[in-house]
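The chain contents come next:
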Protein chains: 2
Amino acid sequence: METFSNIFIEVRMGVGIKDVAKAAGVSPATVSRALGKGPVSEELRAQVEAAVRATGYRPNLAARRLRSQDSGTIGLVVADIRNPFFTAVSRAVEDSAYRAGMRVILCNTGEDPEREALYLRHMQSERITGLIFAPTRSTLDQLSKKALDFPVVFIDRCGPGGLHDAVVLDNREAMGELVAHLVERGYRRIGGLFGNSSSTGAQRRDGYLEAMARFGLKPEFRLVAPSAEAAQAEAQAWLAADERPEALVVSNSLLLIGVLRAARARGLAIPGDLALAGFDNESWTELVEPGITVIEQPVEEIGRAAMNLLFERLKTPGLPVRKVVLSGRCVLRGSTATRTP
Amino acid sequence: METFSNIFIEVRMGVGIKDVAKAAGVSPATVSRALGKGPVSEELRAQVEAAVRATGYRPNLAARRLRSQDSGTIGLVVADIRNPFFTAVSRAVEDSAYRAGMRVILCNTGEDPEREALYLRHMQSERITGLIFAPTRSTLDQLSKKALDFPVVFIDRCGPGGLHDAVVLDNREAMGELVAHLVERGYRRIGGLFGNSSSTGAQRRDGYLEAMARFGLKPEFRLVAPSAEAAQAEAQAWLAADERPEALVVSNSLLLIGVLRAARARGLAIPGDLALAGFDNESWTELVEPGITVIEQPVEEIGRAAMNLLFERLKTPGLPVRKVVLSGRCVLRGSTATRTP
DNA sequence: CTGAAAGCGCTTACAG
DNA sequence: CTGAAAGCGCTTACAG
């Protein structure tokens, strides 16, 4: 039995709970109780702790999970962790989970329903305690009517009603604010560019249509695949038209990058030739000249709220389905300065 | 035994390998073999597959890991997943792992040695197959002389020699390129701003000093905590001095944001009053006016290479320690345009 | 509060 | 190729 040691870890290969028990002069059951929250006398607890240190024992989580029938694991399934929105949310989810002594397993679906199905099966094999999930529209529809064998909290995306809890932005309200702001600044021909694959894009489009109707303006919108390239191509064509919009609202930051590139490629001044507003307060939207007006999402709060919903449901399974709708914060910048005809 | 079903998942609570065996008319051992790569006749394999479908069986991974003594898990420990460099690397690591049928567990240390120690212990409890790790300097030093009970591949950061494999950028070369480029464009008073907590910052500083010496120029550098705020404060003071640098090279993108803000706060034109170059080709460095010259790191390649080193070492433990040093790509933009005195 | 014993759901020698 | 049996390392009734 070879021994390694360092500041961090005293390792003896193959130390099990029996070895600790022997070293502490107690039974394995007592070691288990001392490590958990079982009732153990202070005296024995101290002996066990000393033995743990002496042996360098690390509990085997696979064994613990199997025996206790509790994986202590939260599944987190998102489109792409490289999307800064999901990056930030996942960080909040992980912090919250680690504080509760749980771990997180993360999967990237790439907005592909087949991979969503694959990862959902994987989550089953992991026997996860609960799932936090940003699904595509098609999977969202399926799951709205079906229960899984663990609680699910949707984030970022949700339908009306449904069987599962959800935490989402108030997309209609947020888009309404953006449109109202542009109108107030003197813009009338306001176009909308929306992603075509998530419910979020759809809700933001609805908010756009609603707001335009409220102001008696004629809406004009386009749907594109959720990539900067698709948005750039669409915007370049659109902005070449005779009757191009005075302003554009865009449903996410990836599309916003595409639109910005298109505007620059066309030599359009912002906001002189084209005002611009979008979602997600990423660092580049502030650093660019002029800064881009955006709706900032409460990303930490979304992650935390999702975990809270999950914990509450685990504690009280009978709770009614809850939907937490959070408001965005409108960050005004130069890209929507008052119109100068 | 309640039954749920949907397109994705046919769930019967508590279906185990015995239930599948019964349904297929074979022994549990045969089910196990049919699901793995054990020798099973085509006939029985088909029966098992049908029974799996009929019962909605999902193997319990905790049991499998415990019994097979193989967690099939890669640990990934980084400073902060919100750093786009780590985001991209982690995505590459996960893709590579999932392709190999392994999963990844991710931890964020926040550059805190105590949390690094905590997570390293956690990795032990998970009985991970191997670790990919971007450590702080102090932990790097500790681990360089110590073996853990799983193979470790350092990414982004490494010391000289050491016991573990590593994948890093050629930081000296990259910084040398940046300095040479600035010199060629007519800059002489070139300052350096470096992070003070990682070996990467130190190596880039060394590359800077080396290059400045090569050109016979007087170096002037400062070290700061790895945050945009710290960099901004330091840069504001620095740029207020009478003898401020004509150009600044900056060791990471967080610091670069701070410097950019400081330059703007001081009303300095880029590159007229201050040329700027840094690391990591993030979208904002291109979108800003003028674009910022940066070293682009081969992030996907770093993640892939780290996984490959890990797999090779698992297959052949006796391999000598290897260090993969990858070259960055210098992306030239307006922030380092030819000097106009 | 403590210990002996059973068992979580698998995989894998072992024997045939 | 197949099955019966043992056992991975824990936790948890059960009994005291």
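In this text the structure is predicted, and so the values were computed from the model without any measurement. (Residues numbered from 1 in each chain as written. Chains lettered and ligands numbered in written order. Predicted model: local features only at pLDDT ≥ 70, side-chain atom pairs only at ≥ 80, totals over all residues. Heavy atoms only, no water.)

Colleague: I keep staring at unusual backbone geometry and nothing clicks. Help me out?
Modeller: Most of the time, phi is negative for any residue but glycine, and the peptide bond is trans. Residue Ile270(A) is joined to Pro271(A) through a cis peptide bond whose omega torsion reads 5°. Of note, Pro271(A) is situated in the loop between α11 (253-265) and β11 (275-279). In the segment running from Glu289(B) into Pro290(B), the intervening peptide bond is cis, with an omega of -5°. Even without a glycine there, the phi angle at Arg127(A) is positive, about 55°. Secondary-structure assignment places Arg127(A) in the loop between α6 (113-125) and β5 (130-133). Here the phi dihedral of Asp280(B) falls at roughly 80°; this positive angle occurs in a residue that is not glycine. With respect to the helices, strands and loops of the structure, Asp280(B) is situated in the loop between β11 (275-279) and α12 (283-287). (Helix = DSSP H or I, 4+ residues; strand = E, 2+ residues; numbered from the N terminus.)

Colleague: Is there a simple way to explain the environment of Ser283(B) in this structure?
Modeller: One can find Ser283(B) in helix α12. Its relative accessible area of 30% is what places Ser283(B) among the partly exposed residues. Excluding anything up to four places from it in sequence, Ser283(B) contacts Ile257(A) and Trp284(A). (Buried < 20%, exposed > 50% of the residue type's maximum accessible area, 1.4 Å probe, protein only. Contact = heavy atoms within 4.5 Å.)

Colleague: Is there a simple way to think about the packing of helix α8 (residues 171-184) of chain B against helix α9 (residues 199-214) of chain B in this case?
Modeller: A packed helix pair is summarised by two numbers, namely the angle formed by the two axes and the spacing between the axes. All names here are of chain B. The interhelical angle for the contact between α8 and α9, taken along N-to-C directions, is 45°, at an axis separation of 8 Å. Here α8 lies oblique to α9, going by the angle between them. Crossing angle aside, the handedness with which α8 passes α9 is right-handed. Packed against α8, whose contacting residues are Asn 171, Arg 172, Met 175, Gly 176 and Val 179, the element α9 presents Thr 200, Gln 203, Arg 204, Asp 206, Gly 207, Tyr 208, Glu 210, Ala 211, Met 212 and Arg 214 at the interface. Here the contact of α8 with α9 is composed, by residue class, of 5 nonpolar, 5 polar and 5 charged. (Axes fitted to C-alpha atoms, helices over the stretch in contact; angles between N-to-C directions. Parallel < 35°, antiparallel > 145°, perpendicular 65-115°, else oblique. Left-handed = near helix turned anticlockwise from the far one by under 90°. Nonpolar A, V, L, I, M, F, W, Y, C, P; charged D, E, K, R; others polar.)

Colleague: Any chance you could explain helix α6 (residues 113-126) of chain B here in plain terms?
Modeller: Quick reminder: α-helices carry 3.6 residues per turn. Residues three or four places apart thus point the same way. All names here are of chain B. Here α6 is 14 residues long and its end C-alpha atoms lie 20 Å apart, about the 20 Å a rise of 1.5 Å per residue gives. Along α6, the residues that are buried comprise Glu 116, Ala 117, Tyr 119, Leu 120, Met 123, Gln 124, Ser 125 and Glu 126. Put simply, Asp 112 is the residue that caps the front of α6, since its side-chain oxygen is 2.8 Å from the backbone nitrogen of Glu 114. Taken from the residues just after α6, Arg 127 is the one with a positive phi, measuring 55°. (Expected span 1.5 Å × (residues − 1). Polar contact = N/O pair within 3.5 Å; in protein donor to acceptor, adjacent residues only side chain to side chain.)

Colleague: Would you take a moment to explain the nonpolar core for this structure?
Modeller: The tendency in soluble globular proteins is for nonpolar side chains to be buried side by side. One finds Leu276(A), Trp284(A), Leu276(B) and Trp284(B) to be the most contacted residues of the largest nonpolar core, which totals 52 residues. Contributing elements (two or more residues each) for this core: α10 (228-240), β10 (247-250), α11 and α12 (283-287) of chain A together with α10 (228-240), β10 (247-250), α11 (253-265) and α12 of chain B. If near-sequence neighbours (up to four positions away) are discounted, Trp284(A) is found in contact with Ser253(A), Leu256(A), Ile257(A), Leu260(A), Ile292(A), Ser283(B), Trp284(B) and Leu287(B). (Core = buried A, V, L, I, M, F, W, Y, C linked by side-chain atoms within 4.5 Å.)

Colleague: Whenever I open this one, the relation of the copies chain B and chain A confuses me. Can you help?
Modeller: By a simple turn and slide, chain B fits onto chain A: the slide is 0.0 Å along the axis, the RMSD is 0.1 Å, and the turn is 180°. Classification of the inter-copy transformation places it as that of a two-fold axis. Here 100% of the interface residues in chain B have copies in chain A that are interface residues too; the copies meet face to matching face. (Least-squares fit on C-alpha atoms with pLDDT ≥ 70 in both.)

Colleague: Looking at this structure, how should I read the pattern of salt bridges?
Modeller: Two side chains carrying opposite charge are able to pair once their charged atoms lie near each other. Summed over all chains, the structure comprises 46 salt bridges over all chains. Measuring nitrogen to oxygen at the nearest pair gives 3.5 Å for the salt bridge that ties Glu243(A) to Arg189(A). Separated by 54 residues along the polypeptide, Glu243(A) in the loop between α10 and β10 and Arg189(A) in the loop between α8 (171-184) and β8 (190-195) bring together distant segments of the chain. Here Asp206(A) makes a salt bridge to Arg205(A), at a shortest N to O gap of 3.1 Å. Linked through salt bridges whose partners overlap, the residues forming this network are Arg65(A), Arg103(A), Glu126(A), Arg65(B), Arg103(B) and Glu126(B). (Salt bridge = Lys/Arg side-chain N within 4 Å of Asp/Glu carboxyl O.)

Colleague: Quick question: what am I supposed to make of the pairing of β10(B) here?
Modeller: In regular strands, side chains alternate between the two faces of the sheet. Residue and element names in this part refer to chain B. Burial along β10 is two-sided: Ala 247 and Val 249 and Leu 248 and Val 250, pointing in opposite directions, are all buried. For strand β8 (residues 190-195) and β10, the ladder comprises 4 bridges, and the chain directions are parallel. From the neighbouring strand, Gly 191 faces β10, where its bridge partner is Leu 248. With 3 bridges joining them, β10 and β11 adopt parallel strand pairing. Paired with Val 249 across the bridge in β11 is Ala 277. For the crossover that starts at β10, traverses α11 and ends in the parallel β11, the hand is right-handed. (Pairing = 2+ DSSP bridges. Right-handed = clockwise from strand over helix to strand, strands pointing away.)

Colleague: I keep staring at the protein's contact with DNA strand D and nothing clicks. Help me out?
Modeller: The full set close to DNA strand D counts 25 residues, and Ser32(A), Thr30(B), Arg33(B), Pro39(B) and Arg67(B) are the nearest of them. Considering DNA strand D, the proportion of its atoms within 4 Å of the protein that are sugar or phosphate atoms stands at 62%. Within the backbone of Ile17(A), an N or O atom sits 2.8 Å from a phosphate oxygen of DNA strand D. Take Arg64(A): an N or O atom from its side chain is 2.7 Å from a phosphate oxygen of DNA strand D. Per element, the largest residue contribution to the surface near DNA strand D is 4 residues, and it comes from helix α4 (residues 61-68) of chain A. Split into classes, the residues belonging to the surface near DNA strand D amount to 11 nonpolar, 8 polar and 6 charged. (Near = heavy atom within 4 Å.)

Colleague: In this structure, what is going on with the sheet that holds strand β4 (residues 103-108) of chain B? I would like to understand it.
Modeller: Pairing between the strands of a sheet is mediated by backbone hydrogen bonds and can be parallel or antiparallel. Residue and element names in this part refer to chain B. Taken in spatial order, the 6 strands make up an open sheet running β4-β3-β5-β6-β7-β13, and their pairing is parallel. Where the open sheet ends on each side, the last strands, each with one partner, are β4 and β13 (323-326). Geometrically, the sheet is characterised by an average inter-axis angle of 15° between neighbouring strands, direction not taken into account. For strand β5 (residues 130-133) and strand β6 (residues 152-155), the ladder comprises 3 bridges, and the chain directions are parallel. In the strand pairing of β6, Ile 132 is matched with Val 153.

Colleague: Sorry if this is basic, but what is going on with the packing of aromatic side chains here?
Modeller: The description of an aromatic ring pair uses the distance of the two centres, along with the angle that the planes make with each other. In total, this model carries 10 aromatic pairs over all chains according to the counting rule given. Taken together through their ring pairs, the aromatic side chains of Phe194(A), Tyr208(A) and Phe221(A) make up a single cluster. Above the ring of Phe279(B), the side-chain terminus of Arg204(B) is found at 3.9 Å from the ring centroid. (Phe/Tyr/Trp six-rings, centres within 6.5 Å; stacked < 30°, edge-to-face > 60°. Lys NZ or Arg CZ within 6 Å of the ring centre and 35° of its normal.)

Colleague: Where do I start with the interface of chain B and chain A in this structure?
Modeller: The extent of an interface is frequently quoted as the accessible surface area lost upon association of the parts. Listed per partner, the contact involves 60 residues of chain B and 61 residues of chain A. Where chain B packs against chain A, one counts 10 salt bridges. A salt bridge links Glu300(A) to Arg82(B); its shortest N-O distance comes to 3.7 Å. For the pair chain B and chain A, the number of links is 18 residue pairs in polar contact (both at pLDDT 80 or more). Where the side of chain B that touches chain A is concerned, the elements lending two or more residues are β1 (3-5), α4 (61-68), α5 (84-99), β4, α6, α7 (137-144), α11 and α12 of chain B. In terms of residue count, α6(B) provides more of the side of chain B that touches chain A than any other element does, 10 residues in total. Of the residues in the side of chain B that touches chain A, the class split is 30 nonpolar, 12 polar and 18 charged.

Colleague: So what exactly am I meant to see when it comes to the domain arrangement of chain A here?
Modeller: Residue and element names in this part refer to chain A. Split into domains, chain A comes out as domain 1 (17-59), domain 2 (73-169 + 299-327) and domain 3 (171-297). Each of domain 2 and domain 3 was reduced to a C-alpha centroid, and the two centroids are 28 Å apart. Residue-level contacts link 13 residues of domain 2 with 15 residues of domain 3. Summed over both sides, the interface between domain 2 and domain 3 buries roughly 1,200 Å², with carbon and sulfur atoms accounting for 46% of that surface. The tally of links from domain 2 across to domain 3 stands at 0 salt bridges. Elements with a contribution of two residues or more to the side of domain 2 that touches domain 3: α5 (84-99), α7 (137-145) and α13 (299-315). Residues belonging to the side of domain 2 that touches domain 3 are distributed by class as follows: 7 nonpolar, 2 polar and 4 charged. (Domains from an automatic or database assignment. Buried area = accessible area lost by both parts, 1.4 Å probe.)

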